[in-house]
Amino acid sequence: DVKVTQSSRYLVKRTGEKVFLECVQDMDHENMFWYRQDPGLGLRLIYFSYDVKMKEKGDIPEGYSVSREKKERFSLILESASTNQTSMYLCASSFELGANEKLFFGSGTQLSVL
Amino acid sequence: SQQGEEDPQALSIQEGENATMNCSYKTSINNLQWYRQNSGRGLVHLILIRSNEREKHSGRLRVTLDTSKKSSSLLITASRAADTASYFCATLDNYGQNFVFGPGTRLSVLP
């Protein structure tokens, strides 16, 4: 089974801190994604990557950046955390892009910015 | 723009009853997927139905697709307390590249 591992289940940070969320997948998937999930809004795509060192903006990239130095690892960076970035962050991966591909998700990181 | 929209937002039933959740979407699709999320966890893929399929079964799950109405439904038969979770439908965005999820249906199955 594919395993997508997010480094932290819960994080508490202060406003203005730089925050790193790490995600690792073990199935040699090409594509990796970062979503945030807020009540009533569903999942919204922040960034995705279809190859090492490649990244594409999703629907809500403002305030975030990403890094993909190795195929298995995709990091989400909050350069200067703000309270409106308090959310559940979900990492996902897939073998290819396209309608027939299913996403494999990590367990999520609940981030609180105080 | 949001592609999938689930209905109802929340559903509460007794164990053993059937649960039906609906999903509406806006543009044409190649397929539609359903995912499940236990509280505080990531999403897990349940089932994929292609645009040329009308119905698909997987264990106690039955998914239907009506492309003329741009809607899908997920039926869970003989529900169990362990089915308590949020359920999401997902379709590709307008660029055909990334999945768009609706806000989900929160299902509570009471013992």
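K.L.:
Could you give me a rundown of the overall build of chain A, with the residues and numbers involved?
P.N.:
Helices and strands together make up the secondary structure of chain A, namely zero helices and eleven strands. Reading the helices (α) and strands (β) of chain A from amino to carboxyl end gives β-β-β-β-β-β-β-β-β-β-β. Here chain A has a C-alpha radius of gyration of 13 Å; the compact-globule value for 114 residues is 13 Å, and the two agree. Along the first, second and third principal axes, the C-alpha set of chain A runs to 40 × 30 × 25 Å. Across the 114 residues of chain A, 48% fall into the buried class.

K.L.:
Describe in detail the state of the cysteines, supporting the description with residues and values.
P.N.:
Residues and elements named next belong to chain A. This structure, assessed with the given rule, holds two disulfides over all chains. Across a sulfur-sulfur distance of 1.9 Å, C23 and C91 are joined as a disulfide pair. Taking the torsion about the sulfur-sulfur bond, which here is approximately -75 degrees, the covalent link between C23 and C91 counts as left-handed. With a gap of 68 residues between them, C23 in strand β3 (residues 19-25) and C91 in strand β9 (residues 87-94) connect regions that are remote in the sequence. According to the relative accessible area criterion, C23 is buried, its value standing at 0%. Residue class for C91 comes out buried when judged on its relative accessible area of 0%.

K.L.:
So, the sheet that holds strand β1 (residues 5-7) of chain B: which residues are in play, and what are the values?
P.N.:
Residue and element names in this part refer to chain B. Taken in spatial order, the five strands make up an open sheet running β1-β3-β8-β7-β6, and their pairing is antiparallel. Two strands lie at the open edges of the sheet, namely β1 and β6 (55-58), each paired on one side alone. Direction aside, neighbouring strands of the sheet carry axes that sit 20 degrees apart on average. Sheet analysis places β6 next to strand β7 (residues 61-66), joined by four bridges and oriented antiparallel. Residue pairing in the sheet places K56 in a bridge with V63 of β7.

K.L.:
Tell me about the pattern of salt bridges, and please be specific about residues and values.
P.N.:
For the structure shown, the criterion picks out ten salt bridges over all chains. In this structure, E22(A) engages R73(A) in a salt bridge whose closest nitrogen and oxygen atoms are separated by 4.0 Å. Placement of the pair is E22(A) in strand β3 and R73(A) in strand β8 (residues 73-78), with a sequence separation of 51 residues. Accessibility expressed as a relative area gives 22% for E22(A), which makes it partly exposed. Put simply, R60(B) and D83(B) hold a salt bridge, and the shortest N to O gap is 2.9 Å. Linking R60(B) in the loop between β6 and β7 with D83(B) in the loop between β8 (71-76) and β9 (85-92), this pair joins segments that are 23 residues apart in sequence.

K.L.:
Which residues make up the environment of L48(B), and what are the values?
P.N.:
Checked against the element boundaries, L48(B) lands in strand β5 (residues 43-50). Classification of L48(B) as buried rests on a relative accessible area of 10%.

K.L.:
Describe the interface of chain A and chain B, listing the residues and the values that go with them.
P.N.:
With 22 residues of chain A at the interface, the matching set in chain B holds 20 residues. When chain A packs against chain B, the two sides together hide about 1,700 Å² of surface, and 53% of this comes from carbon and sulfur. The tally of links from chain A across to chain B stands at zero salt bridges. Counting every contact that joins chain A to chain B gives six residue pairs in polar contact (both at pLDDT 80 or more). Mapped onto the side of chain A that touches chain B, the elements with two or more residues apiece are β4 (31-38), β5 (42-49) and β9 of chain A. Among the elements that take part in the side of chain A that touches chain B, β5(A) stands out by supplying four residues, more than any other. Grouping the constituent residues of the side of chain A that touches chain B by class yields twelve nonpolar, seven polar and three charged.

How each quantity is defined
- Residues numbered from 1 in each chain as written.
- Chains lettered and ligands numbered in written order.
- Predicted model: local features only at pLDDT ≥ 70, side-chain atom pairs only at ≥ 80, totals over all residues.
- Heavy atoms only, no water.
- Helix = DSSP H or I, 4+ residues; strand = E, 2+ residues; numbered from the N terminus.
- Rg over C-alpha atoms; globule rule 2.2 N^0.38 Å.
- Buried < 20%, exposed > 50% of the residue type's maximum accessible area, 1.4 Å probe, protein only.
- Disulfide = S-S within 2.5 Å.
- Pairing = 2+ DSSP bridges.
- Axes fitted to C-alpha atoms, helices over the stretch in contact; angles between N-to-C directions.
- Salt bridge = Lys/Arg side-chain N within 4 Å of Asp/Glu carboxyl O.
- Contact = heavy atoms within 4.5 Å.
- Buried area = accessible area lost by both parts, 1.4 Å probe.
- Polar contact = N/O pair within 3.5 Å; in protein donor to acceptor, adjacent residues only side chain to side chain.
- Nonpolar A, V, L, I, M, F, W, Y, C, P; charged D, E, K, R; others polar.

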